[in-house]
Amino acid sequence: MRARILVRPKEGILDPQGLAVERALPALGFTGVDNVHIGRLIELEVADPSRLPEMCERLLSNPLIEDYEIIEDGK
Amino acid sequence: MKFGIVRFPGSCDEIDALQAAERVGDAVLLWHADHDLRGVDAVIVPGGFSYGDYLRAGAIARFAPVMDQVAQFARDGGLVLGICNGFQVLCEAGLLPGALLTNVSLKFVFRQVALDVAVADTAFTGACALGERISIPVKHTTGRFYAPDAELDRLEHAGQVLLRYAPGNNPNGSVRDIAGVCNQERNVFGLMPHPEHAVDALTGSTDGLKIFESMRASVERPGLLSGASSPAS
Amino acid sequence: MSGSLQSPLTSRHRALGLTDYEYELIVELLERDPGDVELAMLSLMWSEHCAYKHSRKLLRRLPTRGPHVLMGPGENAGAVDVGDGLAVAFKVESHNHPSAVEPFQGAATGVGGILRDVFAVGARPIAVLDSLRFGEPEGSERSRYLLEHAVAGIGHYGNSIGVPTVGGEIYFESSYEQNCLVNAMCLGLAPRERLIRAAAAGPGNVLVLLGALTGRDGIGGASVLASAELGDGDEAKRPSVQIGDPFTEKKLLECCLELLDRGLLTSLQDLGAAGLTSAASEMASKGGVGIDIDVARVPLRERGMAPFEIMISESQERMLCVVEPERVGDVIGVCDHWEVLATPIGSITADDRLRVLSRGTVVADLPVGILVDDCPLYDLEPIQPAIAIYPAPDAVLTGEESPAQTLLALIGSANLASRRPVFEQYDPIVQSRTVRRPEEADAAVLALPDGSAIAVSIDGNGRRVAGDPRRGAAEAVYECVANLACVGAEPLGLTNCLNFGNPEKPHVAWQLTEAVTGLAEACEALGIPVVGGNVSLYNEAPAGPIFPTPVVGIVGKLPDAARAGRLGFLRDGDAIALVGSFEPSLACSELAKLLGRAPAGELPFTDPQAARKAHQAVREGVRAGALHSAHDIADGGLAVALAECCIAGGIGATVEVSETLELFAEAPGRAFVVSGPEEALAAFDVIGRVGGSELEIAGQLKIAVSELEQAHREGLAGVV
């Protein structure tokens with residue numbers, strides 16, 4: 001089945017990419033935007049979704065600096 | 001003294017590291033898919049873009065077959081040096097504390113930087129004097145060292161921060177200007193600057209030679225530096 | 001045969017960029033209408049980008065022979081002998097149109113493509129240089145965007161693949177606002193015996209495709225982008241943009257070099273513009289053989305690709321090689337080791353046809369000649385323009401400024417300010433050969449194993465060529481040679497990239513003809529062979545063509561790497577001298593631009609013998625270790641050259657020159673500022689002394705070096 005994993009930088013870690021985007025938006029006329037963070041989307045098809053957390057811990061994210069969220073399609 | 005330099009698909013500075021090591025001893029390449037460390041006395045995990053830096057820098061390389069041997073070698077007390085991408089690989093593998101993040105500038109930076117030797121009686125900095133300032137180039141996009149505050153306090157207290165960027169020389173926003181750290185057992189060391197690019201007066205400074213010379217001295221005269229700064233576990 | 005032009009299929013060829021005349025010629029040569037796959041192949045092979053229809057006759061004027069030449073024009077890259085059994089292969093290529101549409105990938109794939117050209121001849125790429133031109137950064141968000149992303153793309157590709165970017169140039173002129181220029185040069189090193197040609201040979205040998213999967217990248221890129229002026233609707237062309245993958249290319253590079261080291265290949269060719277079609281055609285043509293390709297065997301990235309798409313796809317990071325049947329197994333073994341996909345997709349035949357099959361059905365069957373040789377070559381119809389083509393730029397200075405204020409304005413201007421914010425994004429030292437890094441000397445210097453070194457510089461000229469194409473183009477050559485002399489190097493060979501507007505317009509045809517003549521004359525006078533190059537035409541917007549911009553890259557050699565020259569003043573008390581006959585003019589200069597003058601006026605004549613003498617004097621002085629610094633006088637004239645020497649050395653100077661010498665007038669390629677011990681400069685025109693913390697030109701200006709340094713450092717800092 002298809003799953004999506006969102007990997008985002010942990011709270012409190014400096015995210016210069018997010019800041020750069022946050023600063024760029026007003027210049028284009030978009031105001032009232034705060035707290036921008038940039039992460040990664042991993043899409044995959046997996047036979048055994050129960051193994052997804054382990055995959056995230058071991059390879060797909062670095063738990064020291066990232067949080068992950070698993071979204072199974074259809075849920 | 002025989003150095004082994006790991007070569008992954010995408011490694012760039014492995015030949016540079018090989019040539020630098022050959023100024024101090026013998027050196028061989030260790031292919032990523034092999035399970036054989038060829039009897040080397042020290043392992044170098046070099047700079048470059050192993051596996052294209054895909055997913056995260058070093059994230060895939062750490063699972064290469066040869067890294068099992070390297071991890072065992074480290075557990076047995078062997079010397080392991082990680083340079084730039086190599087530092088990233090060792091952090092991803094859990095052989096070194098912390099992680100490397102994207103430079104604050106978000107850009108690749110090449111610069112000759114001044115480093116301060118924060119701890120000198122180690123297998124990697126033994127040829128330097130405490131507080132000595134050395135000149136070594138950096139070249140990376142993902143070199144900002146990070147660890148949570150409590151961990152940083154612990155590292156500093158245990159004397160595991162071996163090199164710091166001199167004031168005004170921090171090129172990437174690393175916390176507390178940290179340029180290189182070692183593990184608790186002090187036999188694994190990672191740094192973002194490239195000592196292999198500071199070994200020949202023709203192409204730059206020669207301060208990087210000291211790191212290779214320290215490693216050779218440590219291997220050829222074991223016990224020289226042991227005990228001096230054994231941390232409490 | 002003209003009946004076929006009236007058929008419902010009439011617009012096919014026009015949509016693909018072929019003229020009616022060209023289509024008729026194809027029908028006449030084939031004695032029938034071409035099929036779809038054949039038409040797609042021909043439309044690309046007969047495009048300006050692949051066939052050089054408007055420039056090939058003109059390029060025959062360039063001298064190509066020299067004592068050190070190992071490979072001349074026509075191969076994937078040119079090559080020169082550098083002694084000690086080694087050869088240096090090198091070439092420059094443009095990627096202008098793709099970079100205007102998607103600057104990051106356009107510049108990145110430009111680097112990727114030129115790298116492949118170099119390792120296709122068996123040389124390990126050891127350096128990259130880039131010549132970039134954009135519109136004025138101030139006031140043009142688009143130009144800043146293009147600059148930022150092109151630089152990031154070059155850095156991304158070069159750094160990731162482990163080839164140092166050691167030099168380059170960047171210029172800003174409103175003329176390039178709609179048509180930026182991205183020219184990438186690469187040099188590679190090889191033992192002479194490893195150099196390989198592209199000519200396919202041996203009927204019965206196997207054609208093997210190496211590298212990345214084939215997708216729809218750049219379909220129609222060649223004919224759609226590079227042979228037509230950019231107008232509205234660029235967005236629609238975006239799907240044709242190629243995406244580069246330096247990691248795949250790194251593996252491909254190591255794999256190819258190992259295959260060559262082991263003697264496993266008969267020939268090698270990279271896939272660039274027009275993909276499989278041009279690679280196979282060129283290989284067959286050079287070898288006088290034929291090739292059969294089965295597109296069903298090509299490993300694909302996309303589903304449902306039609307045969308014509310497979311034949312013209314410009315997917316990156318692919319190479320084609322010819323292998324003897326009994327060696328195919330070994331080749332695949334080496335490729336497996338490097339994780340490079342290797343797929344036999346065809347074979348060499350004894351006839352002279354390129355045949356494309358798809359699951360047993362022949363979908364194209366063309367004589368090789370029609371693809372490579374029979375494209376019509378057009379004569380240019382040059383007419384010198386009677387009126388000025390280019391508008392005057394906005395004035396930044398009034399002319400009332402003091403010499404010191406003028407100097408500060410120039411040294412902080414976009415064209416002269418420090419490029420550090422750019423080159424710090426490149427790795428200049430990987431592979432451990434770099435003896436002179438950017439801003440340390442006028443040319444990059446790379447050490448060779450025997451203690452000698454090669455030097456390389458890339459120099460182009462737009463504004464001055466716009467004023468006087470013949471003299472301006474010659475100046476680009478002289479300036480490049482002068483840069484090499486400053487590090488002690490003697491030129492061995494030249495590669496050039498000609499960036500011009502629409503050659504079908506008589507004034508552009510005139511610019512092109514005059515410029516090539518100027519290049520030829522300079523190369524002949526200096527004894528430098530042209531070993532290869534590239535032409536990029538149709539760089540034109542509705543407002544008009546770009547400045548005519550020839551870019552030259554020259555590789556040279558110096559006997560002792562440890563004595564490579566530097567540009568900064570070194571020692572307090574050193575004498576400073578002028579070398580060379582220097583009669584500069586303000587015409588088409590950087591100051592004239594800041595004063596708001598259009599490029600016009602007569603450029604100073606370059607006396608070849610006087611220039612040669614000056615180059616030799618500096619080269620020999622540097623080689624002898626007698627000179628502490630050497631810097632050619634180019635943009636901004638003498639005052640700027642002196643300022644650059646002070647800034648680089650972190651030290652001041654006091655000089656005195658004749659009042660009649662215009663401080664900011666220019667005459668590139670023939671005069672130098674050198675410094676060293678008094679006795680070493682006895683033969684030269686000594687003008688002053690190094691020392692203090694100010695640059696003083698007696699009676700004219702006196703300014704703190706720190707102030708110059710700040711203006712120089714900050715010029716581009718906010719821009720990239």
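Residues numbered from 1 in each chain as written. Chains lettered and ligands numbered in written order. Predicted model: local features only at pLDDT ≥ 70, side-chain atom pairs only at ≥ 80, totals over all residues.

1. Looking at the overall build of chain A
Stage number 1. Secondary structure assignment for chain A yields two helices and three strands.
Stage number 2. In chain A, the succession of helices and strands from N to C terminus is β-α-β-α-β.
Stage number 3. The C-alpha radius of gyration computed for chain A amounts to 15 Å, which surpasses the reference 11 Å derived for 75 residues by more than 25%, pointing to a less compact arrangement than a globule.
Stage number 4. Across the 75 residues of chain A, 9% fall into the buried class.
Stage number 5. Across chain A, contacts joining residues at least 24 apart in sequence account for 69% of those joining residues at least 6 apart. (Helix = DSSP H or I, 4+ residues; strand = E, 2+ residues; numbered from the N terminus. Rg over C-alpha atoms; globule rule 2.2 N^0.38 Å. Buried ≥ 20, exposed ≤ 12 C-beta atoms within 10 Å, placed from the backbone. Contact = placed C-beta atoms within 7 Å.)

2. Examining the overall build of chain C
Stage number 1. Regarding its fold elements, chain C presents 23 helices and 28 strands.
Stage number 2. Taking 720 residues into account, the globule formula puts the C-alpha radius of gyration at 27 Å, and chain C, at 26 Å, falls close to it.
Stage number 3. Projecting the C-alpha coordinates of chain C onto the three principal axes gives extents of approximately 85 × 55 × 40 Å.
Stage number 4. In chain C, which comprises 720 residues, the share counted as buried stands at 61%.
Stage number 5. Taking as baseline every contact in chain C between residues at least 6 positions apart, the subset at least 24 positions apart corresponds to 85%.

3. Regarding the interface of chain B and chain C
Stage number 1. At the junction of the two partners, chain B supplies 20 residues and chain C supplies 22 residues.
Stage number 2. Broken down by secondary-structure element, the contributors of at least two residues to the side of chain B that touches chain C are α1 (14-21), β6 (109-117) and β7 (133-140) of chain B.
Stage number 3. For the side of chain B that touches chain C, the element with the highest residue contribution is β6 of chain B, accounting for three residues.
Stage number 4. Residue composition of the side of chain B that touches chain C, by class: nine nonpolar, six polar and five charged. (Nonpolar A, V, L, I, M, F, W, Y, C, P; charged D, E, K, R; others polar.)

4. A short note on the confidence of the model for chain C
Residues and elements named next belong to chain C.
Stage number 1. Looking at chain C, the pLDDT average stands at 94 and 96% of residues meet or exceed 70.
Stage number 2. Overall, residues 221-227 carries pLDDT values under 50, and its contacts beyond four positions in sequence, including any with other chains, amount to 29 contacts.
Stage number 3. Across the whole predicted complex the pTM is 0.94, and at the interface the ipTM reaches 0.95. (pLDDT = per-residue confidence, 0-100.)

5. Regarding the interface of chain A and chain B
When the parts of a complex come together, some accessible area is lost, and that lost area is often used as the size of the interface.
Stage number 1. Counting residues at the interface gives nine residues for chain A, matched by nine residues for chain B.
Stage number 2. At three residues, the largest contribution of residues to the side of chain A that touches chain B is made by helix α1 (residues 16-27) of chain A.
Stage number 3. Taken together, the residues that form the side of chain A that touches chain B break down as seven nonpolar, two polar and no charged.

6. Looking at the pairing of strand β1 (residues 2-7) of chain B
All names here are of chain B.
Stage number 1. For β1, the tally of buried residues reaches five of six residues, placing the bulk of the element in the interior.
Stage number 2. The sheet contact formed by β1 and strand β2 (residues 26-31) spans six bridges and is parallel. For R7, the partnering residue across the bridge sits in β2 and is W31.
Stage number 3. The parallel pair β1 and β2, bridged by α1, forms a crossover whose chirality is right-handed.
Stage number 4. Looking at chain direction, β1 and strand β3 (residues 42-45) are connected through three bridges and run parallel. Residue I5 lies in a different strand from β3, and its bridge partner there is I44. (Pairing = 2+ DSSP bridges. Right-handed = clockwise from strand over helix to strand, strands pointing away.)

7. Looking at helix α3 (residues 36-45) of chain C
Stage number 1. Of all the ten residues making up α3 of chain C, nine are buried; the element is thus mostly covered by neighbouring parts of the structure.
Stage number 2. When α3 of chain C is considered as a whole, its buried residues turn out to be V37, E38, L39, A40, M41, L42, S43, L44 and M45 of chain C.

8. Here's the deal with the confidence of the model for chain A
Stage number 1. Taken residue by residue, chain A gives an average pLDDT of 91. The fraction at 70 or more is 97%.
Stage number 2. For chain A, per-element mean pLDDT is lowest for α1 of chain A, which scores 87, and highest for strand β2 (residues 40-45) of chain A, which scores 96.

9. Remarks on the packing of helix α8 (residues 141-161) of chain C against helix α10 (residues 246-261) of chain C
Two quantities define a packed helix pair, namely the angle between the axes and the distance from one axis to the other.
Residue and element names in this part refer to chain C.
Stage number 1. The geometry of α8 relative to α10 is characterised by a closest axis approach of 9 Å and an angle of 35° between their N-to-C directions. For the pair α8 and α10, the crossing hand works out as right-handed. Touching Y157, S160 and I161 of α8 are P246, F247, E249 and K250, all from α10.
Stage number 2. When the residues that make up the contact of α8 with α10 are grouped by side-chain class, the tally is four nonpolar, one polar and two charged. (Axes fitted to C-alpha atoms, helices over the stretch in contact; angles between N-to-C directions. Left-handed = near helix turned anticlockwise from the far one by under 90°.)

10. Thoughts on the environment of R176 of chain B
Stage number 1. If you trace the backbone, R176 of chain B turns up in the loop between β9 (161-165) and β10 (178-182).
Stage number 2. C-alpha of R176 of chain B to C-alpha of G10 of chain B: the two residues are 166 residues apart in sequence and 30 Å apart in space.

11. Details of unusual backbone geometry
Stage number 1. Phi is positive for D53 of chain B, which is not a glycine, with a value near 60°.
Stage number 2. Note on placement: D53 of chain B falls in the loop between β3 and α2 (65-75).
Stage number 3. In this structure, D84 of chain C is a non-glycine residue whose phi angle is positive, near 60°.

12. Thoughts on the sheet that holds strand β16 (residues 453-460) of chain C
What links the strands of a sheet is backbone hydrogen bonding, and the strands pair in either a parallel or an antiparallel sense.
Residues and elements named next belong to chain C.
Stage number 1. Read from one edge to the other, the open sheet built from six strands follows the order β14-β15-β16-β21-β17-β18, with strand pairing classed as mixed. Each of the sheet's edge strands pairs with one partner strand only, and the pair in question is β14 (434-436) and β18 (530-536). Strand-to-strand twist of the sheet, defined as the mean angle between neighbouring strand axes without regard to direction, takes the value 20°.

13. Let's talk about the sheet that holds strand β9 (residues 290-294) of chain C
Residue and element names in this part refer to chain C.
Stage number 1. As summarised here, the arrangement of the seven strands in space is β8-β10-β7-β11-β9-β12-β13, forming an open sheet in which the pairing is mixed. Bordering the open sheet on either side are β8 (267-270) and β13 (361-367), each of which pairs with just one other strand. Across the sheet, the mean angle separating the axes of adjacent strands is 25° when strand polarity is ignored.
Stage number 2. Strand direction decides the pairing type here: β9 and strand β11 (residues 342-349), joined by four bridges, are antiparallel. In the sheet register, D292 faces β11, and the bridge partner there is S347.
Stage number 3. Together, β8, β9, β10 (318-323) and β12 (353-358) form the strand contacts of helix α11 (residues 275-287), whose direction differs from that of β9 by roughly 150°.

14. Quick notes on the arrangement of the chains
Stage number 1. Out of two pairs of chains that touch, the pair holding the most contacts is chains B and C.
Stage number 2. Nowhere do chain A and chain C come into contact; their C-alpha atoms are at least 12 Å apart.

15. Looking at the packing of α10 of chain C against helix α13 (residues 328-337) of chain C
All names here are of chain C.
Stage number 1. At a minimum axis separation of 9 Å, α10 and α13 run at an interaxial angle of 145°. The handedness of the crossing between α10 and α13 is right-handed. Listed contacts from α13 to C255, E258 and L259 of α10 are V331, V334 and C335.

16. With respect to the environment of V422 of chain C
All names here are of chain C.
Stage number 1. With respect to the secondary-structure elements, V422 resides in helix α16 (residues 420-423).
Stage number 2. Owing to 23 C-beta atoms within 10 Å, V422 belongs among the buried residues under this scheme.
Stage number 3. Sequence separation between V422 and A704 is 282 residues; the distance between their C-alpha atoms is 26 Å.
Stage number 4. Residues contacting V422, with those up to four places away along its chain left out, are V151, I170 and V720.

17. Considerations on the pairing of strand β27 (residues 694-697) of chain C
Residues and elements named next belong to chain C.
Stage number 1. Burial of β27 is one-sided: the residues L695 and I697 facing one way are buried, the residues E694 and E696 facing the other way are not.
Stage number 2. Of the pairings in the sheet, the one linking strand β24 (residues 653-655) to β27 comprises three bridges and is parallel in character. Residue pairing across strands places A653 opposite L695, the latter belonging to β27.
Stage number 3. Where β27 meets strand β28 (residues 701-704), four bridges bridge the pair, whose relative direction is antiparallel. Residue I697 lies in a different strand from β28, and its bridge partner there is L701.
Stage number 4. The turn joining β27 and β28, which pair antiparallel and follow one another in sequence, is formed by three residues; a positive phi near 75° is taken by G699.

18. A few points about helix α5 (residues 209-220) of chain B
Residue and element names in this part refer to chain B.
Stage number 1. Over its twelve residues, α5 runs 16 Å from end to end, which matches the ideal 16 Å to within 8%, given 1.5 Å per residue.
Stage number 2. Among the residues of α5, those classed as buried are K210, I211, F212, S214, M215, R216 and S218.
Stage number 3. Against α1, β3, β4 (79-83) and β7 lie the buried residues of α5. (Expected span 1.5 Å × (residues − 1).)

19. Brief notes about the environment of A166 of chain B
Residues and elements named next belong to chain B.
Stage number 1. Note on placement: A166 falls in the loop between β9 and β10.
Stage number 2. Through-space distance from the C-alpha of A166 to that of I134 is 9.2 Å; in sequence the pair is 32 residues apart.
Stage number 3. Ignoring anything within four residues of it in the chain, the contact list for A166 reads A114, L115, D116 and R133.

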